[in-house]
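Residue-level listing of the chains:
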Amino acid sequence: MGSSPLDNRPLDIDGERTIGQLVADASREMSTLVRSEIALAKAEVTGGLKIGGKGAGLLGGAAFMGLLGVIFLLHTLAQVLDIWLPASAAYAIVTVLLFLVAAVLGLLGKKALSQAKPKPEKAIAEAEKTIAAVKSAA
């Protein structure tokens, strides 16, 4: 085993490390601990954002293709209604239907966004445990 830089420090009269050395070591260890907690939080948030970004891209592509399909479906519906009604009335009915669907989807989307929780819960829990341990040790 190699020797630690702490082994080469001068000791006090009793052969123990000095208070200053102990405080410096504790400060260094706290700094390392804080950096590791920050790294954990970054990793947790970054991982979630990558997955969310990929999902958002795929949903965007699906939405575009769905939009094209809906356009053709609604045009077909207006043409079918044109059999019984004037064309302007058929397209008016389809337009109102579109606005109703848009309103429902908008409300559902707003509800989903209000329930999103993009905070690093694991990192916060670990930080709280660390703070509690430091307070109980002091």
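Residues numbered from 1 in each chain as written. Predicted model: local features only at pLDDT ≥ 70, side-chain atom pairs only at ≥ 80, totals over all residues. Heavy atoms only, no water.

Draft legend 1. Broad picture of the overall build of the protein. Along the protein, the regular secondary structure elements total three helices and zero strands. Counting from the amino terminus, the protein carries its helices and strands in the arrangement α-α-α. Considering the protein as a whole, with its 138 residues, one finds that 9% of them fall into the buried category. Taking contacts inside the protein between residues at least 6 apart in sequence as the whole, the part at least 24 apart equals 41%. With an accessible surface of roughly 11,100 Å², the protein has 72% of that area assigned to carbon and sulfur atoms. (Helix = DSSP H or I, 4+ residues; strand = E, 2+ residues; numbered from the N terminus. Buried < 20%, exposed > 50% of the residue type's maximum accessible area, 1.4 Å probe, protein only. Contact = heavy atoms within 4.5 Å. Areas by Shrake-Rupley, 256 points an atom, 1.4 Å probe, with all protein chains shown as cover.)

Draft legend 2. Just the nonpolar core, in detail. Among the nonpolar cores identified, the biggest contains five residues, and these are Leu74, Ala78, Leu81, Ala90 and Val94. Listing elements by their share of this core, those giving two or more residues are α1 (19-81) and α2 (87-114). No other element matches the three residues that α1 contributes to this core. With residues near it in sequence (within four places) discarded, leucine 74 still touches Val94, Leu97 and Leu98. (Core = buried A, V, L, I, M, F, W, Y, C linked by side-chain atoms within 4.5 Å.)

Draft legend 3. A look at the layout of surface pockets. Volume-wise, the largest pocket comes out at about 180 Å³. For the largest pocket, the full set of lining residues is Ala63, Gly66, Leu67, Val70, Leu74, Leu97, Leu98, Val101, Ala102 and Leu105. Put simply, the parts of the chain that give the lining of the largest pocket at least two residues each are α1 and α2. The residue makeup of the lining of the largest pocket, split by class, is nine nonpolar, one polar and no charged. (1 Å grid on protein atoms, 1.4 Å probe; cavity = no way out; pocket = protein on both sides within 12 Å on 5 of 7 lines; lining within 4 Å. Points joined across faces, edges and corners; volume = space filled by probe spheres on them. Nonpolar A, V, L, I, M, F, W, Y, C, P; charged D, E, K, R; others polar.)

Draft legend 4. Here's a closer look at the pattern of salt bridges. Enumeration over the complete set of coordinates arrives at two salt bridges. Between aspartate 25 and arginine 28 there is a salt bridge whose closest N-O contact spans 3.0 Å. Linking aspartate 25 with arginine 28, this pair stays in helix α1, spanning three residues, or about one helical turn. When the shortest N-O distance is used, the salt bridge between lysine 129 and glutamate 126 registers 3.8 Å. Separated by three residues within a single helix, lysine 129 and glutamate 126 lie in helix α3 (residues 121-137), roughly one turn from each other. (Salt bridge = Lys/Arg side-chain N within 4 Å of Asp/Glu carboxyl O.)

Draft legend 5. Focus on the side chain of aspartate 25. Judged by its relative accessible area of 5%, aspartate 25 falls in the buried class. Within the structure, aspartate 25 has its side chain in polar contact with the side chain of arginine 28 (distance 3.0 Å). (Polar contact = N/O pair within 3.5 Å; in protein donor to acceptor, adjacent residues only side chain to side chain.)

Draft legend 6. Quick look at the confidence of the model for the protein. When pLDDT is averaged along the protein, the result is 81, and 88% of the positions lie at 70 or above. Looking over the protein, one finds the lowest element-wise mean pLDDT in α3, namely 79, and the highest in α2, namely 89. (pLDDT = per-residue confidence, 0-100.)

Draft legend 7. Quick look at the packing of α1 against α2. At a minimum axis distance of 8 Å, the contact between α1 and α2 shows a crossing angle of 140°. Taken together, the axes of α1 and α2 are oblique relative to one another. You can see that α1 and α2 cross each other, and the crossing is right-handed. Contact residues: Val70, Leu74, His75, Leu77, Ala78, Gln79 and Leu81 in α1; Ala90, Tyr91, Ile93, Val94, Leu97 and Leu98 in α2. (Axes fitted to C-alpha atoms, helices over the stretch in contact; angles between N-to-C directions. Parallel < 35°, antiparallel > 145°, perpendicular 65-115°, else oblique. Left-handed = near helix turned anticlockwise from the far one by under 90°.)

Draft legend 8. Just α1, in detail. Between its first and last C-alpha, α1 extends 89 Å over 63 residues, near the 93 Å set by a 1.5 Å rise per residue. Every buried residue of α1 is accounted for by Gln21, Asp25, Glu37, Ala41, Leu74, Ala78 and Leu81. Buried residues along α1 sit against α2 and α3. (Expected span 1.5 Å × (residues − 1).)

Draft legend 9. Looking closely at a nonpolar patch on the surface. Judged by side-chain polarity, Phe64, Met65, Leu67, Leu68, Ile71 and Phe72 come together as a nonpolar surface patch covering roughly 640 Å² of accessible area. In this structure, phenylalanine 72 sits in helix α1. (Patch = residues over 30% accessible without salt bridge, like charges linked within 9 Å, V, L, I, M, F, W, Y side chains within 5 Å.)

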